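# Fold and geometry: a report
If you want the building blocks of each chain, they are given just below.
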Amino acid sequence: MKIDGTHYRTIWQDDAGVVQVIDQRWLPHELRIVPLKTRADFVVAIRDMWVRGAPLIGAAAAWGVAVAMQEDPSDAGLTETWDVLHETRPTAINLRWALDEMERVLRPLAPAERAEAAAKRAAEICDEDVEINRNIGLHGLEIIKAIAAKKPGQTVNILTHCNAGWLATVDWGTATSPIYHAHEAGIPVHVFVDETRPRNQGAQLTAWELNHHGIPHSLVVDNAGGHFMQHGEVDMVIVGTDRTTARGDVCNKIGTYLKALAAKANGVPFYVALPSPTIDWRVDDGVKEIPIEERNQEEVTLVQGRGADGQIALVQISPDGTPARNPAFDVTPAELVTGLLTERGLCPADTAEMEKMFSDLKSAMLAG
Ligand code: MRU
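So, how was this worked out
- Once a new chain begins, its residue numbering starts again from 1 and follows that chain's sequence as written.
- With pLDDT at 70 or above as the cut-off, local features in this predicted model cover only qualifying residues; side-chain atom pairs require 80 or more to be listed or tallied, and sums for whole chains, interfaces and linings still use all residues.
- To obtain the side-chain values, all non-hydrogen atoms of the structure were included, while hydrogens and water were left out.
- UniProt positions are given in the numbering used here, feature names are shortened, and annotations may be inferred rather than shown by experiment.
- Secondary structure follows DSSP: runs of H or I at least 4 residues long count as helices, runs of E at least 2 residues long count as strands, and numbering of each begins at the N terminus.
- With C-alpha atoms as the basis for the radius of gyration, the globule rule is written as 2.2 Å multiplied by the number of residues raised to the power 0.38.
- Relative accessible area decides the class of each residue, using a 1.4 Å probe on protein chains only: under 20% of the type maximum gives buried, over 50% gives exposed, and in between gives partly exposed.
- Two residues qualify as a contact provided that any one of their heavy atoms is within 4.5 Å of a heavy atom in the partner residue.
- Residue-level accessible areas treat just the shown protein chains as cover; the underlying method is Shrake-Rupley with a 1.4 Å probe.
- Charge assignment: positive for Lys and Arg, negative for Asp and Glu; neither His nor the chain ends contribute.
- For this purpose, a charge sits on NZ of Lys, CZ of Arg, CG of Asp or CD of Glu.
- The rule for a residue being near a molecule or strand is that one of its heavy atoms must lie within 4 Å of it.
- Counted as a polar contact is a pair of N or O atoms within 3.5 Å, where, for protein atoms, one must be capable of donating a hydrogen and the other of accepting one, and residues adjacent in sequence contribute only when both atoms are in side chains.
- Simply put, an axis is a line fit to the C-alpha atoms, just over the touching stretch for a helix, and the angle between two N-to-C directions goes from 0 to 180 degrees.
- For this classification, under 35 degrees means roughly parallel, over 145 means roughly antiparallel, 65 to 115 means roughly perpendicular, and everything else is oblique.
- Left-handed describes a crossing in which the near helix is turned anticlockwise from the far one by less than a right angle; the clockwise case is right-handed.
- The classification used treats Ala, Val, Leu, Ile, Met, Phe, Trp, Tyr, Cys and Pro as nonpolar, Asp, Glu, Lys and Arg as charged, and all other residues, Gly among them, as polar.
- A patch consists of residues exposed above 30% relative accessible area that lack any salt bridge, with like charges linked at up to 9 Å and nonpolar side chains (Val, Leu, Ile, Met, Phe, Trp, Tyr) linked at up to 5 Å.
- Take a side-chain nitrogen of Lys or Arg and a carboxyl oxygen of Asp or Glu: if they are within 4 Å of each other, that pair is a salt bridge.
- To estimate how far a helix should reach, multiply one less than its number of residues by 1.5 Å.

Going by an unreviewed UniProt entry, the chain carries the name Methylthioribose-1-phosphate isomerase and comes from Rhodobacter aestuarii. UniProt lists a comment for the chain under the heading Sequence similarities (unreviewed entry), and it reads "Belongs to the EIF-2B alpha/beta/delta subunits family. MtnA subfamily."

On to the overall build of the chain, then. Looking only at helices and strands, the chain has twelve helices and 18 strands in total. Taking 368 residues into account, the globule formula puts the C-alpha radius of gyration at 21 Å, and the chain, at 20 Å, falls close to it. With respect to the principal axes defined by its C-alpha atoms, the chain has extents near 60 × 55 × 45 Å. In the chain, which comprises 368 residues, the proportion classed as buried is 55%. Considering only intrachain contacts with a sequence separation of at least 6, the fraction spanning at least 24 residues in the chain is 74%. Summed over its atoms, the accessible surface of the chain is roughly 15,100 Å², and 52% of this surface lies on carbon and sulfur atoms. If the 34 positive side-chain charges of the chain are averaged to one point and the 51 negative ones to another, these points end up 2 Å apart.

For the rest of this paragraph, the subject is the site of the ligand. Around the ligand, 19 residues are found, and the nearest of them are Arg-89, Gln-201, Asp-242, Asn-252 and Lys-253. Arg-52 is positioned with one of its side-chain polar atoms (N or O) 2.9 Å from an oxygen atom of the ligand. Asp-242 places a side-chain nitrogen or oxygen 2.7 Å from an oxygen atom of the ligand. For the ligand, whose free accessible area comes to 410 Å², the fraction covered by protein is 100%.

Let us look at the UniProt feature "site: Transition state stabilizer" (unreviewed entry) in the chain. UniProt tags Cys-162 as "site: Transition state stabilizer" (unreviewed entry). Mapped onto the elements of the fold, Cys-162 is located in the loop between strand S6 (156-160) and helix H6 (177-184). On the basis of relative accessibility, which here comes to 6%, the residue Cys-162 falls in the buried class. The contact partners of Cys-162, leaving out residues within four places of it in the chain, are Arg-52, Asp-194, Thr-196, Gln-201, Gly-202, Thr-206 and Lys-253.

With that out of the way, let us pick up the packing of helix H4 (residues 93-106) against helix H5 (residues 111-150). Running from N to C, H4 and H5 cross one another at 140 degrees; their axes reach a closest spacing of 10 Å. The orientation of H4 relative to H5 falls into the category oblique. Viewed along their axes, H4 and H5 form a crossing whose handedness is right-handed. Facing Trp-97, Glu-101, Met-102, Val-105 and Leu-106 of H4, the residues of H5 in contact are Arg-114, Ala-117, Ala-118, Arg-121, Ala-122, Ile-125 and Glu-128. Across the contact of H4 with H5, the residue classes break down as eight nonpolar, no polar and four charged.

This paragraph deals with a nonpolar patch on the surface. Together, Tyr-257, Leu-258 and Leu-261 give the surface a local cluster of nonpolar side chains, amounting to about 270 Å² of exposed area. Along the chain, the position of Leu-261 falls in helix H9 (residues 256-266). Judged by its relative accessible area of 36%, Leu-261 is partly exposed.

Between its first and last C-alpha atoms H4 spans 20 Å; for 14 residues at 1.5 Å apiece the expected length is 20 Å, and the two agree. Within H4, burial applies to Ile-93, Asn-94, Leu-95, Ala-98, Leu-99, Glu-101, Met-102 and Leu-106. Next to the buried residues of H4 lie helix H2 (54-71), helix H3 (75-86), H5, strand S10 (243-245) and strand S13 (279-280).

The subject of this paragraph is the pattern of salt bridges. Evaluated as defined, the whole model comprises 31 salt bridges. A salt bridge links Glu-131 to Arg-134, with the nearest nitrogen and oxygen atoms 3.1 Å apart. Remark: Arg-134 and Glu-131 occur in helix H5; sequence separation between them is three residues, near one turn of the helix. A relative accessible area of 37% places Glu-131 in the partly exposed class. For Arg-134, a relative accessible area of 29% puts it in the partly exposed group. In this structure, Arg-243 and Asp-280 form a salt bridge, with 2.8 Å as the shortest nitrogen-oxygen distance.

Encoded structure:
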């Protein structure tokens, strides 16, 4: 998508072949683009959330393998790279999906052929992500159009949580792709942006994205969603997902589950934008089986922002020594999900329906 008129992706290879990323830790205050030149750089960038969002984590891992193959293309090097990158973040399944995909392509090759083949596949994975997200947007546009048709001349209000925008993917975003398409189609939309404590991906990233695209939005505290739904101010919720199970349980940023409960209680449709690489066909019961990343306490006790002096600073918001818990994700059971918005169309969050739409991908994952 565009930043001040210039088109960017979140990750790309420059003319010298070096992988560049937007370092998201400094947004919205500073746009910093940094090179990732070694496998170790990729490990830090994913683990410390310079890049984040399930699809982008997968794309970055693919490029991490490609760079690692320049360093050590041996069988042992490939195995170690898979392990080291896999440990960076445990919840988003796109990470494992991308590592498995790179392994599938590279393992049969002679070591001398691996670096080139890895760069080619990593670039393809990025292009595929863009296409998947564009298609999610086109299917989502139909839903927004249907809502708009029921309230002619009025704005369609959409609530989203965290950042499932283009910054979380290679381009377009998942949850935001229908919104960008609707905006381009001239449908008046307004987005309620949950701030998304503790790391504030909504306040810092989604608000920044929407602002750059001129899409009307309001930043709201995480606890406000239920209120707006109760008062008929939300027409639909669209969120992203870090891992969706074979029966349609959705693991996403902490707080998503509460939004789904509020949506159900108020008759507001709750859609999940789901790229197919985010489906984990090995897992059924998301609450019991998905490992939830527990991040450090300082993400809860400290908040980053820009001070009056223009400097980016961390401030402490709790008493010295206050213990905190910081689960980064939660699971929304399938029965709370109105529909899964995939690149192949809208799919009910249901085992049989998901299998019908994605039988090829399910077989491929379970065979691998
Ligand atoms: O911890 P993050 O910022 O990587 O979490 C991101 C989310 O939870 C997104 O909603 C999810 O990855 C979907 S992104 C298209």
